[in-house]
Amino acid sequence: MGKLDTIVAPATPPGHGGVSIVRVSGPRVQEIAQAVLGQLPSPRTACFSSFRDRDGAILDQGLALFFPGPESFTGEDVLELQGHGGPVIVNLLLQRILGLEARLARPGEFSERAFLNGKIDLAQAESIADLIHASTEAAARSALRSLQGEFSRRIHSLVEALIELRTYIEAAIDFAEEEIDFLAHESLHQRFEQLLETLATIQNTARQGSLLREGLSVVIAGKPNVGKSTLLNALSGKDLAIVTDIPGTTRDTLREQIQIDGLPLHLVDTAGLRDTLDPIEQEGIRRAHKEIEKADLLLYITDAQDPVTLNDLPLLRSERGKGERLDRPSVILIRNKIDLTQETPALLEQEGFTLISLSAKEQAGLDLLKTAIKTAAGFSTQPEGGFSARQRHLNALEKAGYFLKNAFHQLTTTRAGELIAEDLRLAQKQLNEITGEFSTEDLLGRIFSSFCIGK
């Protein structure tokens, strides 16, 4: 697994297709090209070639592309062979190259080498996987902006400002015996406040990017026969769930992925919550509670004909705090079936909950619900300049903010230069983890192991 190994892997998905690509990277690329193609193609020029086995027999014919390092994706010599898309052909070509002292690449190893060779930073490397797995157009655009370095540029700019501040603080410590109190200068407070404001802006954009990447887990719950399955069908635009007047029709969880203005939603319909002796329905209700605990957002549905809707609020409040975060899940209370009460769709805030009156059957009020879902998620349509982000990025930004705020607190209270400098150093360390200036082998292993083979 040394860096000097030559690696090979298919860069296209397995199966049958018009074209398959086999990618090779490392120090033996030129020798492999001579052995398989009979020549070394001109750099960055597509060359029609025959791919030959060790006896000179033709395995396949297609295009060959040679990218000499360091001007390549990985920073090493890279060869790409584009042949016919059949699994047998791909396997024969792989076995031929593996016989030339190459080895099969690990998942994400091409991107890992690009990072280790300084072609991209860690945030850009992660955005490659995010771009491949993007589930909406907005998510793909955000991932592309991260790949182009938008996220990294903002982090680097913040780090530069932080370094300047650290330099000033360190100088103030060196001149501590002077009569002038450098730490009391008003401009220093302003620089801290500007840093905190910039960090908050980056955090907000990163949260949007994380939502685009991860999506929002939304669980639909409520008592039997209040219209949960009808709402799932209405939001998805598909006839997914069986809808009847018989209570307890839904016995298991139903899942569907949709999007609202680019925000991916993972919808889960659940069994009706009630006391029952039916063991199958009991299991469905157990699974419903389990899904609620994991949800980011709970859509709790009641029947608009029921005059005691707000009696459900204690139940909803008890559901809060069961998840990983104290505010999880958020709750939107829905009064369904207003077509039977002759009401108009409406949205209001009541006892700390967003309350929406709608008709899932007639699809009246769904726009109000979609807007409420985006609001609950803290999601807004991304302007140009947004970027994709992961949970580890959010964690690093949050920790950097903690240390920066602590440093500011020390400045305004104790004015202990050494403590301020240490907090600023720790804040910079957290930011450097995002782009990979500071990273551990364990972190890199976790990140790149989630990539596709050949990428």
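The structure displayed is predicted, hence computed values, not measured ones.

*Asks:* Where do I start with the pattern of salt bridges in this structure?
*Replies:* Opposite charge on two side chains lets them pair, provided their charged atoms get close. Under the definition given, this model contains 25 salt bridges. Of the charged contacts, one joins D130 and R390 as a salt bridge, the two residues approaching to 3.0 Å between their closest N and O atoms. Taken together, the positions of D130 in helix α4 (residues 122-132) and R390 in the loop between α11 (366-377) and α12 (391-412) put the pair 260 residues apart, joining distant regions of the chain. The exposure classification of D130 matches that of R390, with both residues buried.

*Asks:* Honestly, the environment of A396 in this entry has me stumped. Any pointers?
*Replies:* Here A396 shows up in helix α12. Placed 193 residues apart in sequence, A396 and Q203 show a C-alpha to C-alpha distance of 9.9 Å. With residues near it in sequence (within four places) discarded, A396 still touches Q430 and I434.

*Asks:* Would you take a moment to explain the sheet that holds strand β12 (residues 346-350) for this structure?
*Replies:* Across a sheet, strands are paired by hydrogen bonds formed along the backbone, either parallel or antiparallel in direction. Overall, mixed pairing links the 7 strands, which are arranged β8-β9-β7-β10-β11-β13-β12 in an open sheet. If you trace the sheet from one side to the other, it starts and ends with β8 (254-260) and β12, each paired once. Between one strand and the next, the sheet's axes are offset by a mean angle of 25°, whatever the strand orientation. Strands β7 (216-222), β8, β9 (263-269) and β10 (297-303) of the sheet are contacted by helix α9 (residues 279-294), whose axis makes an angle of about 140° with β7.

*Asks:* What's the story with empty space enclosed by the protein in this structure? I'm lost.
*Replies:* Gaps between atoms show up when a probe of the same size as a water molecule is rolled over them. Counted according to the given criterion, the structure contains 1 cavity of 30 Å³ or more. Its boundaries defined by the atoms lining it, the largest cavity holds a volume of some 40 Å³. Every residue lining the largest cavity is listed: L158, L162, L195, L199, A400, L404, A427 and L431. When residues of the lining of the largest cavity are traced back to their parent elements, those giving at least two are α6 (150-174), α7 (186-214), α12 and α13 (417-435). Tallied by class, residues from the lining of the largest cavity come to 8 nonpolar, no polar and no charged.

*Asks:* Explain the nonpolar core here, please?
*Replies:* For soluble globular proteins, nonpolar side chains are generally found buried alongside one another. Counting residues in each nonpolar core, the largest one holds 33 residues, and the members touching the most others are F192, L424 and L431. Breaking this core down by element, the ones donating at least two residues are α6, α7, α12 and α13.

*Asks:* What am I meant to see in unusual backbone geometry here?
*Replies:* With the exception of glycine, the majority of residues adopt a negative phi angle, and the majority of peptide bonds are in the trans configuration. That bond from G69 to P70 is cis: its omega, 5°, falls within 30 degrees of zero. Its place among the elements puts P70 in the loop between β4 (58-67) and β5 (78-85). Here the phi dihedral of D261 falls at roughly 50°; this positive angle occurs in a residue that is not glycine. Tracing the chain through its elements places D261 in the loop between β8 and β9. Even without a glycine there, the phi angle at K337 is positive, about 70°. Relative to the helices and strands, K337 resides in the loop between β11 (330-336) and β12. Its relative accessible area of 21% is what places K337 among the partly exposed residues.

*Asks:* When you look at the side chain of E76 in this model, what are you seeing that I'm missing?
*Replies:* Mapped onto the fold, E76 is located in the loop between β4 and β5. Judged by relative accessible area, which is 14%, E76 ranks as buried. There is a polar contact of 3.0 Å between the side chain of E76 and the side chain of R113.

What counts, and where the lines are drawn
- Residues numbered from 1 in each chain as written.
- Predicted model: local features only at pLDDT ≥ 70, side-chain atom pairs only at ≥ 80, totals over all residues.
- Heavy atoms only, no water.
- Salt bridge = Lys/Arg side-chain N within 4 Å of Asp/Glu carboxyl O.
- Helix = DSSP H or I, 4+ residues; strand = E, 2+ residues; numbered from the N terminus.
- Buried < 20%, exposed > 50% of the residue type's maximum accessible area, 1.4 Å probe, protein only.
- Contact = heavy atoms within 4.5 Å.
- Pairing = 2+ DSSP bridges.
- Axes fitted to C-alpha atoms, helices over the stretch in contact; angles between N-to-C directions.
- 1 Å grid on protein atoms, 1.4 Å probe; cavity = no way out; pocket = protein on both sides within 12 Å on 5 of 7 lines; lining within 4 Å.
- Points joined across faces, edges and corners; volume = space filled by probe spheres on them.
- Nonpolar A, V, L, I, M, F, W, Y, C, P; charged D, E, K, R; others polar.
- Core = buried A, V, L, I, M, F, W, Y, C linked by side-chain atoms within 4.5 Å.
- Polar contact = N/O pair within 3.5 Å; in protein donor to acceptor, adjacent residues only side chain to side chain.

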